[in-house]
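Single-letter residue listing:
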Amino acid sequence: MDRVRLHIKGLSYSQTQSGAYALVLGEENGERRLPIIIGGFEAQSIAIALEKGVNPPRPLTHDLFKNFADVFQIKLKEVIIHKLQDGVFFSILVCENNGQEQVLDARTSDAVALAIRFDCPVFTYKDILDKAGIILKEGQGTGKAPSAPKSTIQTEEAAAETTPAPKSTSDLKSKNSDQLHKMMDEAVNNEDYELAARIRDEIDRRSAN
């Protein structure tokens, strides 16, 4: 299968799920975005790793994993987001120790947090990006490969300036296809990738029926 390298574009606070964030990954040399909903702890761990020079007084869980791997000479070679099922992304860690390669299952949020610490690439497959990627309109992105961007965590005050999101999935179910696609465009324009991901899942659900 064709693989596509992804880069972290940032984190945005969820307007609909308390304590949740949207991790936004962008394809290399392209304008599509892959939003993934993650928890607050994982978002904090990713944000700290992205902010170079910020070191917590005690190692976080992902830092401990990195320290453990370094001591026992385990290298994380790459992360692959290899499956999308029922709106959930599945990832694997491709590791190497003493010349032997091992593959471990991992949550995508943990996999990305580790990828930053090991400075290793993150990939997905073209069919996953084709299905779940948010395509930006012309002029909305640079189309250039990002270089270690810093995280962007929106506050609730900043989020309030954007178009209000539907309160529940049932709100989306009440919309027709034209309305959903219009809402998708608005969400992408506002860089509300968490809402865009929910609309995308609803559109995909209808297409599968």
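Residues numbered from 1 in each chain as written. Predicted model: local features only at pLDDT ≥ 70, side-chain atom pairs only at ≥ 80, totals over all residues. Heavy atoms only, no water.

Attention now moves to helix H2 (residues 61–71). What H2 keeps buried is the set His62, Asp63, Lys66 and Ala69. Each buried residue of H2 lies within a common arc of 125° when the element is viewed along its axis, so the set occupies one face. In H2, those exposed residues whose orientation departs by more than 90 degrees from the buried face are Thr61, Leu64, Phe68 and Val71. In this structure, the buried side of H2 is in contact with helix H1 (40–50) and helix H3 (108–118). Downstream of H2 by a residue or two, Gln73 has a phi angle that is positive, lying close to 55°. (Buried < 20%, exposed > 50% of the residue type's maximum accessible area, 1.4 Å probe, protein only. Helix = DSSP H or I, 4+ residues; strand = E, 2+ residues; numbered from the N terminus. Arc of directions from axis to C-beta. Contact = heavy atoms within 4.5 Å.)

Our next topic: the packing of H1 against H3. Taken N-terminus to C-terminus, the directions of H1 and H3 make an angle of 15°; their axes are 9 Å apart at the nearest point. Judged by the inter-axis angle, H1 sits roughly parallel to H3. Seen from above, H1 lies across H3 with left-handed handedness. Contact residues: Glu42, Ser45, Ile46, Ala49 and Leu50 in H1; Ser109, Asp110, Val112, Ala113, Ile116 and Arg117 in H3. Here the contact of H1 with H3 is built from residues that sort into six nonpolar, two polar and three charged. (Axes fitted to C-alpha atoms, helices over the stretch in contact; angles between N-to-C directions. Parallel < 35°, antiparallel > 145°, perpendicular 65-115°, else oblique. Left-handed = near helix turned anticlockwise from the far one by under 90°. Nonpolar A, V, L, I, M, F, W, Y, C, P; charged D, E, K, R; others polar.)

Take the side chain of His7 next. Of note, His7 is situated in strand E1 (residues 3–13). Among the polar contacts made by the side chain of His7, one reaches the side chain of Glu28 at a distance of 3.1 Å. (Polar contact = N/O pair within 3.5 Å; in protein donor to acceptor, adjacent residues only side chain to side chain.)

Attention now moves to the pairing of strand E2 (residues 20–27). If a strand is regular, its side chains alternate between the two faces of the sheet. Burial runs high along E2: eight of the eight residues are buried. Judged by which residues are buried, E2 turns out to be covered on both faces: Ala20, Ala22, Val24 and Gly26 on one side and Tyr21, Leu23, Leu25 and Glu27 on the other are all buried. In this structure, E1 lies alongside E2, joined through seven bridges in antiparallel fashion. Considered in E2, the bridge of His7 is made with Gly26. The sheet contact formed by E2 and strand E3 (residues 32–39) spans seven bridges and is antiparallel. (Pairing = 2+ DSSP bridges.)

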